[in-house]
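So you can see what is in the structure, the chains are spelled out below.
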Amino acid sequence: EAGVVQSPRYKIIEKKQPVAFWCNPISGHNTLYWYLQNLGQGPELLIRYENEEAVDDSQLPKDRFSAERLKGVDSTLKIQPAELGDSAVYLCASSLGSSGANVLTFGAGSRLTVL
Amino acid sequence: DQQVKQNSPSLSVQEGRISILNCDYTNSMFDYFLWYKKYPAEGPTFLISISSIKDKNEDGRFTVFLNKSAKHLSLHIVPSQPGDSAVYFCAAIWGSNYKLTFGKGTLLTVNP
């Protein structure tokens, strides 16, 4: 079974440029998450989807970040315009449900460097 | 305000010995706790979990202990192997929130 697939794995852009990350979750996983991981920190939730509905986007900086999950499968996370402080690893994860017993499976992440 | 704390950034142990990774939390609403392991350039992978109604859960070489009164949990790895060298994240969640909160992680190095 394929895991959570993310692309690109690495992206280097100049500040003020746009960038987009793509995630394909595990088949059948209704819940999809985008996490941000800064260097030396644990992952922090940006947004959680239940199927195609964003049910928790309270931590998403909506002035420059946007996300979508069309048809409740793949998801895209966009940053426009990127700032220096956005340099981090963006992790996508999926699970069957949202409760504590539902384990998150993470992708390998997309490492963003903003110059 | 960090609700899940891993106060040891790193830990080094000899192969075959016990590794003990510690985690403290402040939110008494947390009802499920998980440990994830992360290798470089990979995403975190689930290792073991424990419900707040239990005080111990064991899976092979890995055991998680929960002390609710102290708001403390620990992960024991016995015996430690070089392949266990990774960053270990403690995480917690509570029912109606559904938000998994992670600690900063502890880098475990197991020396041959």
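Anyway, here's the lowdown on the structure attached to this text. (Residues numbered from 1 in each chain as written. Chains lettered and ligands numbered in written order. Predicted model: local features only at pLDDT ≥ 70, side-chain atom pairs only at ≥ 80, totals over all residues. Heavy atoms only, no water.)

Focus on the interface of chain B and chain A
Interface size is commonly expressed as the accessible surface area that is lost when the partners come together. Counted only if it meets this: Contact between two residues is taken to exist if any of their heavy atoms lie within 4.5 Å; hydrogens are not considered. Put simply, buried area is how much 1.4 Å-probe accessible surface two parts lose in total, over both of them, once they are put together. Here, a salt bridge means any Lys or Arg side-chain nitrogen found within 4 Å of an Asp or Glu carboxyl oxygen. Think of a polar contact as two N or O atoms within 3.5 Å of one another; within protein, one of them needs to be a possible hydrogen donor and the other a possible acceptor, and neighboring residues in sequence only count if both atoms come from side chains. Secondary structure counts use DSSP, requiring at least four H or I residues in a row for a helix and at least two E residues in a row for a strand, with both numbered from the N terminus. Under the scheme applied here, ten amino acids are nonpolar (Ala, Val, Leu, Ile, Met, Phe, Trp, Tyr, Cys and Pro), four are charged (Asp, Glu, Lys and Arg), and all others, including Gly, are polar.
The interface is formed by 18 residues belonging to chain B together with 21 residues belonging to chain A. In total, about 1500 Å² of surface goes out of reach between chain B and chain A, with carbon and sulfur atoms giving 61% of it. In this structure, the connection of chain B to chain A is made through 0 salt bridges. Inspection of the chain B/chain A interface yields 3 residue pairs in polar contact (both at pLDDT 80 or more). Top contributing element to the side of chain B that touches chain A by residue count: strand β4 (residues 32-38) of chain B, with 4 residues. When grouped by side-chain class, the residues that make up the side of chain B that touches chain A number 11 nonpolar, 3 polar and 4 charged.

Side note on the packing of aromatic side chains
Quick reminder of the rule: Working definition: a ring pair exists when centres of Phe, Tyr or Trp rings (six-membered ring for Trp) sit within 6.5 Å. Plane angles under 30 degrees give stacked, over 60 give edge-to-face, the rest tilted. Buried means the residue's accessible area, taken with a 1.4 Å probe over protein chains only, is under 20% of the maximum for its type, while exposed means over 50%, and partly exposed covers the values in between.
Tallied over the entire structure, the rule returns 13 aromatic pairs over all chains. An angle of 90 degrees between the planes, with centres 5.7 Å apart, marks the rings of A:Phe106 and B:Tyr36 as edge-to-face. Remark: B:Tyr36 occurs in strand β4 and A:Phe106 occurs in strand β10 (residues 105-106); the pair is interchain, linking two chains. Take B:Tyr36: its relative accessible area is 0%, and that puts it in the buried class. By the ring-pair criterion, three or more aromatic residues cluster together here, those being A:Tyr33, A:Tyr35, A:Phe106, B:Tyr36, B:Phe46, B:Phe89 and B:Phe102.

Functional significance is not addressed by these values, which are geometric in nature.
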